Structure formats: structure tokens, C-alpha cells
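Structural features, examined
These are the residues of each chain, in order.
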Amino acid sequence: MLNIDLEYKRGILFLRLNGTLNNKTSCILKDAIEKLVNKVGIKYLLINFEKLYKIDNNGINTIINSYNKYIKGNGKLMICGYHGNIKVDIENSKLIDCALKTQNELNAFNLINI
């Protein structure tokens, strides 16, 4: 099960993931990002993994593919809140190469100078 809490604040779309992001649930994230991009456009995206307790390669690839398709070149992808097993999975993936790391959501505003 995956729940997504969305908040748009000062130019950044915050996605707070809760649950499991895997091959069964990654379509939920993909659809949410796609709908938002088509509706309002996204330049800056922060994904908070604080309440995510499991992620697999399909979940990570969904984030990377969404970044490459909708954000890269025009904006920035930021990530925060990853810990434990999630931290190992993320830091050993290509996601760490395309996303800016921030300690928390408030620091995201400093990364993009808003």
C-alpha cells in the first residue's frame, strides 16, 4: 500500500510517501506525478521518504523516469527523509546521482534559492 500526501508551497511540490513503493504501487506515484505535470506543471519536486518503509528497484526507477521525463533540464528533484533499509537502497541506486539531497523539507527552499 502506498499513500501520497501532496503539498505545493512556494514553487516546490512536496510528495510525502507513506507505505511501500514497489512494482505493485509504483504506478500510483507515476500517475500522481503525470497528472500534476499535465495540470499545473512542476519545476521543483521534493520527495520525502520519512514514512516509507520499503522501496524496490521498480519504485526507484519510477522516480528516475519521472524526473527524466518531466523535470530534468527545467527544474530540480530533491529527496529527504530516507533512513534504515531505504537509505541503503537509495544510496546504492542511480537516484542519488540525479537528486539533490536535503536534510529536511525546509532546507529545500535553500537549495533552489527561494
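In what follows, the accompanying structure is described. (Residues numbered from 1 in each chain as written. Predicted model: local features only at pLDDT ≥ 70, side-chain atom pairs only at ≥ 80, totals over all residues. Heavy atoms only, no water.)

**Quick word on the sheet that holds strand S2 (residues 12–21)**
What counts, and what does not: Pairing between strands is defined by DSSP: at least two bridges between the two strands are required. We count a stretch as a helix when DSSP gives it H or I for four or more residues in a row; a strand needs E for two or more, and each element gets its number in order from the N terminus. Residues are treated as being in contact if the distance between any of their heavy atoms lies within 4.5 Å. Every axis in this analysis is a line fitted to C-alpha atoms, fitted for helices over the stretch in contact. Angles between the N-to-C directions lie between 0 and 180 degrees.
Taken in spatial order, the five strands make up an open sheet running S1-S2-S3-S4-S5, and their pairing is mixed. Each edge of the open sheet is held by one strand with a lone partner, namely strand S1 (2–9) and strand S5 (100–101). Of the strand pairs in this sheet, strand S3 (residues 44–55) and strand S4 (residues 76–80) are connected by five bridges, and their pairing is parallel. Within the sheet, the bridge partner assigned to Leu46 lies in S4 and is Met78. Strands in contact with helix H2 (residues 57–71) are S2, S3 and S4; relative to S3, the strand with the most contacts, it is inclined by about 175 degrees. Helix H3 (residues 84–91) contacts S3 and S4 of the sheet and is inclined by roughly 125 degrees relative to S3.

**Remarks on the pattern of salt bridges**
Quick note on the threshold: Each salt bridge in this description consists of a side-chain nitrogen of Lys or Arg and a carboxyl oxygen of Asp or Glu lying within 4 Å of one another. Note on exposure labels: buried denotes an accessible area under 20% of the residue type's maximum, exposed denotes more than 50%, and partly exposed covers the range between, all computed with a 1.4 Å probe on protein chains only.
Going through the model one piece at a time under the given rule, you end up with four salt bridges. One salt bridge in this structure joins Asp5 and Arg16, with 3.1 Å as the shortest N-O distance. Of this pair, Asp5 sits in strand S1 while Arg16 sits in strand S2; the two residues are 11 residues apart in sequence, bridging distant segments of the chain. You can call Asp5 partly exposed: its relative accessible area is 40%.

**A few points about the environment of Gly59**
Tracing the backbone shows Gly59 in helix H2. Separated by 34 residues in sequence, Gly59 and Thr25 place their C-alpha atoms 7.8 Å apart. With near-sequence residues (within four places) excluded, Gly59 lies in contact with Leu21 and Ser26.

**So, unusual backbone geometry**
At Arg10, a residue that is not glycine, the phi angle is positive and equals roughly 50 degrees. On the basis of relative accessibility, which here comes to 48%, the residue Arg10 falls in the partly exposed class.

**Things to note about the side chain of Thr20**
Among the structural elements, Thr20 can be located in strand S2. On the basis of relative accessible area, Thr20 is assigned to the buried category, the value being 9%. Contacts of Thr20, omitting those with residues within four sequence positions, involve Met1, Leu2, Thr25, Leu52, Tyr53 and Lys54.

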